[in-house]
Amino acid sequence: QVQLVESGGGLVQAGGSLRLSCAASGRTLRTYAMAWFRQAPGKEREPVVAVSWSGGGIYTADSVKGRFTISRDNAKNTVSLQMNSLKPEDTAVYYCAGNPLGTIQTIPRQADFGSWGQGTQVIVSS
């Protein structure tokens, strides 16, 4: 099982940017599909972005299209989430997740991801 640790969260004004990072240890992420989920207060956890092991499959939630980008660096065993033009509704705890099967569904499912980080808080002020 791979261990995941997120970093980069914080407080930012609306319109600003943040870059979240997810560092892996224990195993290589090379064959993993990776995703970022988020959970806002009082809401269910939802997928934000995801990428297959090859990079050929990418999912981006409609609510963040054109603003959020997932990227992976297999050499560094990291995955990043670049968030631009942040909105107050992006406020949530963001989780990095890994799926050893390497593929992603049309809409990524939490149950497919067996490895999770502890989460990092993002707060966007208006």
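Anything mentioned here points back to the structure above.
Summary of the structure given here. What you see is a predicted model, and the numbers here were worked out from it, not measured in a lab.

## Quick notes on the pattern of salt bridges
Any two side chains of opposite charge can pair, so long as their charged atoms come close to each other.
Turning to step 1, where the next piece is worked out: Here the structure, examined in full by the defined rule, presents five salt bridges.
Turning to step 2, where the next piece is worked out: Note that D62 and K65 form a salt bridge whose closest N and O atoms lie 3.2 Å from each other.
Turning to step 3, where the next piece is worked out: When its relative accessible area of 65% is taken as the criterion, D62 is described as exposed.
Turning to step 4, where the next piece is worked out: On the basis of relative accessibility, which here comes to 51%, the residue K65 falls in the exposed class.
Turning to step 5, where the next piece is worked out: Among the salt bridges present, the one from D90 reaches R67, with a minimum N-O distance of 2.7 Å. Here D90, found in the loop between β8 (78–83) and β9 (92–99), pairs with R67, found in the loop between β6 (58–60) and β7 (68–73); they are 23 residues apart in sequence, far enough to count as distant.

## Considerations on the nonpolar core
Turning to step 1, where the next piece is worked out: One finds M34, W36, F68, M83 and Y94 to be the most contacted residues of the largest nonpolar core, which totals 36 residues.
Turning to step 2, where the next piece is worked out: Considering each element in turn, this core owes the most residues, five residues, to strand β4 (residues 33–39).

## Some remarks on the state of the cysteines
Turning to step 1, where the next piece is worked out: Across all of its chains, the model carries one disulfide by this definition.
Turning to step 2, where the next piece is worked out: Disulfide partner of C22: C96, at an S-S distance of 2.1 Å. Judged by the torsion about the S-S bond (-80°), the C22/C96 disulfide is left-handed. Of this pair, C22 sits in strand β3 (residues 18–25) while C96 sits in strand β9, and the two are 74 residues apart along the sequence.

## A look at the side chain of S52
Turning to step 1, where the next piece is worked out: Within the secondary structure, S52 sits in the loop between β5 (46–51) and β6.
Turning to step 2, where the next piece is worked out: The buried category is assigned to S52, whose relative accessible area is 8%.
Turning to step 3, where the next piece is worked out: The contact partners of S52, leaving out residues within four places of it in the chain, are Y32, A33, G57, R72, G102 and I104.

## Remarks on the environment of G56
Turning to step 1, where the next piece is worked out: For G56, the location among the structural elements is in the loop between β5 and β6.
Turning to step 2, where the next piece is worked out: Look at G56 and you get exposed, because its relative accessible area is 70%.
Turning to step 3, where the next piece is worked out: G56 sits 47 residues away from T103 along the chain, and the two C-alpha atoms are 9.5 Å apart.

## Here's the deal with the pairing of β7
Turning to step 1, where the next piece is worked out: Pairing analysis gives six bridges linking β7 to β8, with the strands arranged antiparallel. Note on β8: the bridge partner recorded for T69 is Q82.
Turning to step 2, where the next piece is worked out: In this antiparallel pair of consecutive strands, β7 and β8, the connection spans four residues, and N77 shows a positive phi of 60°.

## A closer look at the environment of G66
Turning to step 1, where the next piece is worked out: Here G66 is to be found in the loop between β6 and β7.
Turning to step 2, where the next piece is worked out: Considering only alpha carbons, one finds G66 and T120, 54 residues apart in sequence, at a separation of 22 Å.

## Brief notes about the packing of aromatic side chains
Turning to step 1, where the next piece is worked out: Summed over all chains, the structure comprises three aromatic pairs.
Turning to step 2, where the next piece is worked out: Judged by centre distance (5.5 Å) and plane angle (75°), the ring pair of F37 and F113 falls under edge-to-face. Remark: F113 occurs in the loop between β9 and β10 (115–116) and F37 occurs in strand β4; sequence separation between them is 76 residues. F113 carries the same exposure label as F37, and that label is buried.

So, how was this worked out
Residues numbered from 1 in each chain as written. Predicted model: local features only at pLDDT ≥ 70, side-chain atom pairs only at ≥ 80, totals over all residues. Heavy atoms only, no water. Salt bridge = Lys/Arg side-chain N within 4 Å of Asp/Glu carboxyl O. Buried < 20%, exposed > 50% of the residue type's maximum accessible area, 1.4 Å probe, protein only. Helix = DSSP H or I, 4+ residues; strand = E, 2+ residues; numbered from the N terminus. Core = buried A, V, L, I, M, F, W, Y, C linked by side-chain atoms within 4.5 Å. Disulfide = S-S within 2.5 Å. Contact = heavy atoms within 4.5 Å. Pairing = 2+ DSSP bridges. Phe/Tyr/Trp six-rings, centres within 6.5 Å; stacked < 30°, edge-to-face > 60°.

Any functional reading would require information that these geometric values do not contain.
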